[in-house]
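Listed below are the residues making up each chain.
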Amino acid sequence: MATTIATLTQKTDGSLEGIFATIKVNAPIALIPNANKMSDVAPDYRIIHRRTGFEIGAGWYRNSQRTGEEYLSVKLEAPEIGVIFGNVAPAPGGDDSRKVILWNDPDA
């Protein structure tokens, strides 16, 4: 079972804004396209805490080994949560502008 840890809305500039929420954390975040990407290993997105402006993560485009489809893989990191890996996916309901981050349980 996938666990939703963020709800996001896609903006016209390509960024995503929403709330990252776990039992311990409820934080406004933004995924901002990395306009200064200088290499293939640099992130495609920077994840920013919207209240503090601190960078708390990053996102990279990846291709699914099963389907070949492109998706956005993210890594969030903070003292309160440690390191969390997830994927951006369409939100339930069929609205293309709504997205979620699904937690990748390392023990699953």
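Right above here is the structure, for reference.
This report concerns the structure included in the present document. (Residues numbered from 1 in each chain as written. Predicted model: local features only at pLDDT ≥ 70, side-chain atom pairs only at ≥ 80, totals over all residues. Heavy atoms only, no water.)

1. A look at the pattern of salt bridges
A side chain with one charge may pair with a side chain of the opposite charge, provided their charged atoms come close. By the definition in use, this model includes 3 salt bridges. Here Asp 44 and Lys 37 are joined by a salt bridge, their closest N and O atoms 2.6 Å apart. Lys 75 serves as the salt-bridge partner of Glu 77, at 3.9 Å between the closest nitrogen and oxygen. What makes Glu 77 partly exposed here is its relative accessible area of 44%. (Salt bridge = Lys/Arg side-chain N within 4 Å of Asp/Glu carboxyl O. Buried < 20%, exposed > 50% of the residue type's maximum accessible area, 1.4 Å probe, protein only.)

2. Thoughts on the packing of aromatic side chains
Across all of its chains, the model carries 1 aromatic pair by this definition. A ring pair is formed by Tyr 45 and Tyr 61, whose centres lie 5.9 Å apart and whose planes are at 75 degrees; its orientation type is edge-to-face. Of this pair, Tyr 45 sits in strand E4 (residues 45-49) while Tyr 61 sits in strand E5 (residues 55-63); the two residues are 16 residues apart in sequence, bridging distant segments of the chain. With relative accessibility at 37%, the residue Tyr 61 sits in the partly exposed group. (Phe/Tyr/Trp six-rings, centres within 6.5 Å; stacked < 30°, edge-to-face > 60°. Helix = DSSP H or I, 4+ residues; strand = E, 2+ residues; numbered from the N terminus.)

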